[in-house]
Amino acid sequence: MIRSLCRKFRVQLGVPSQLRTKVQAFASDHAEDVKFDVLESALSHVENHGWTEKSLQLALKEHQLSEASLSMFTYGAADIVLHLNLTLNDDLEDMMAQQMEARQFSEKTIPIKDFLEDAIKTRLKMIIPYIDTWPDALALQVDPKVAPVVLQQFTDLIDDLWWYAGDESTDINWYTRRAAIAAIYSMTELYMLQDTCPDYSNTWNFLNRRLSDLEELGNGRLAVEEQLGNAGDLAKAAFIIARNMLSPR
């Protein structure tokens, strides 16, 4: 409707280009707002209908939109997962930013290991409401079309974890540390899916052990970094770190 009005005004009134740009920007923002609201609604249907197009269709119906509006979603049902990832990452960043601000007015320092453990635990707890269907969500994220977006979201998450933890390294340690936390986060997430404890205590113990392993791994850092130099990307580097952590000593 807004696009048709733009065309009409251009023809009849000769609307200046600056005004056209503002109207187009408004139309774009409105479309993003609608998309956000639909994806939020779709999350409420995941429990019964999974990470599927059916959840999207029901959400569209709630917002009085036709199924033709499915074209808004570039990655189909995977957009629901991407939306959740982004939302939870933003929520975690807000929390870490508040903690950083509070630390500025406190003499107490938090060890980086403790900060990372709390942050990773907090982020993983956010997926507990979807834990029963989370394996399906993970399956959608390895689709070749979706994977690059997922990797970027994950890379941003890892960067935020280290930045708010206070890491400002710019050498090889920058890359090594991020690959290590990526590996630990991914291993803990997979472990969590198999944890039958109501409070996921086994998962949090696993996380604590892996972070302790990371400290021990520091003794053999040079050998690991030599392998990482040939890794090429964060995903491969994380795999190398995980392999070194889990291999028998």
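All of the points below concern the structure found in this document. (Residues numbered from 1 in each chain as written. Predicted model: local features only at pLDDT ≥ 70, side-chain atom pairs only at ≥ 80, totals over all residues. Heavy atoms only, no water.)

### Describing the nonpolar core
Within soluble globular proteins, side chains that are nonpolar generally end up buried alongside one another.
1) Next: Core analysis: the biggest nonpolar cluster contains 45 residues, and Trp51, Ile80, Trp134, Leu161 and Ile181 have the highest contact counts within it.
2) Next: Listing elements by their share of this core, those giving two or more residues are helix H2 (17-43), helix H4 (53-62), helix H5 (78-103), helix H6 (112-125), helix H7 (134-141), helix H8 (147-165), helix H9 (172-194) and helix H10 (201-217).
3) Next: Setting aside its immediate chain neighbours within four residues, tryptophan 134 contacts Trp51, Val81, Leu84, Asn85, Ile127, Gln141, Glu189 and Leu193. (Core = buried A, V, L, I, M, F, W, Y, C linked by side-chain atoms within 4.5 Å. Buried < 20%, exposed > 50% of the residue type's maximum accessible area, 1.4 Å probe, protein only. Helix = DSSP H or I, 4+ residues; strand = E, 2+ residues; numbered from the N terminus. Contact = heavy atoms within 4.5 Å.)

### Examining the packing of H5 against H8
1) Next: The geometry of H5 relative to H8 is characterised by a closest axis approach of 10 Å and an angle of 10° between their N-to-C directions. Judged on the interaxial angle alone, H8 and H5 are roughly parallel. On H8, the residues touching Leu82, Asn85, Leu86, Asn89, Leu92, Glu93, Met96, Ala97, Met100 and Arg103 of H5 are Val149, Val150, Gln153, Leu157, Asp160, Leu161, Trp163 and Tyr164.
2) Next: Considered class by class, the residues forming the contact of H5 with H8 number 12 nonpolar, three polar and three charged. (Axes fitted to C-alpha atoms, helices over the stretch in contact; angles between N-to-C directions. Parallel < 35°, antiparallel > 145°, perpendicular 65-115°, else oblique. Nonpolar A, V, L, I, M, F, W, Y, C, P; charged D, E, K, R; others polar.)

### Some remarks on the environment of alanine 183
1) Next: Following the sequence through the fold, alanine 183 ends up in helix H9.
2) Next: By relative accessible area, which is 3% here, alanine 183 ends up buried.
3) Next: Put simply, alanine 183 and arginine 210 are 27 residues apart on the chain and 9.4 Å apart in space, counted from C-alpha to C-alpha.

### With respect to the side chain of threonine 188
1) Next: Secondary-structure assignment places threonine 188 in helix H9.
2) Next: The contact partners of threonine 188, leaving out residues within four places of it in the chain, are Leu124, Thr203, Phe206 and Leu207.

### Some details on a negative patch on the surface
1) Next: Taken together, the side chains of Glu32, Asp33, Asp37 and Glu40 define an acidic patch exposed on the protein surface.
2) Next: Following the sequence through the fold, aspartate 37 ends up in helix H2.
3) Next: Relative accessible area serves as the criterion here: at 37%, aspartate 37 is assigned to the partly exposed category. (Patch = residues over 30% accessible without salt bridge, like charges linked within 9 Å, V, L, I, M, F, W, Y side chains within 5 Å. Areas by Shrake-Rupley, 256 points an atom, 1.4 Å probe, with all protein chains shown as cover. Salt bridge = Lys/Arg side-chain N within 4 Å of Asp/Glu carboxyl O. Lys, Arg positive; Asp, Glu negative; His and termini not counted. Charge placed at Lys NZ, Arg CZ, Asp CG, Glu CD.)

### Brief notes about the packing of H5 against H6
1) Next: Where H5 meets H6, the closest approach of the two axes is 10 Å, and the angle between their N-to-C directions is 150°. When you trace H5 past H6, the crossing you get is right-handed. Note on element contacts: H6 touches H5 through Phe115, Asp118, Ala119, Thr122 and Arg123, opposite Asn85, Leu88, Asn89, Leu92, Met95, Met96, Gln99 and Arg103.
2) Next: A class-by-class count of the residues in the contact of H5 with H6 yields six nonpolar, four polar and three charged. (Left-handed = near helix turned anticlockwise from the far one by under 90°.)

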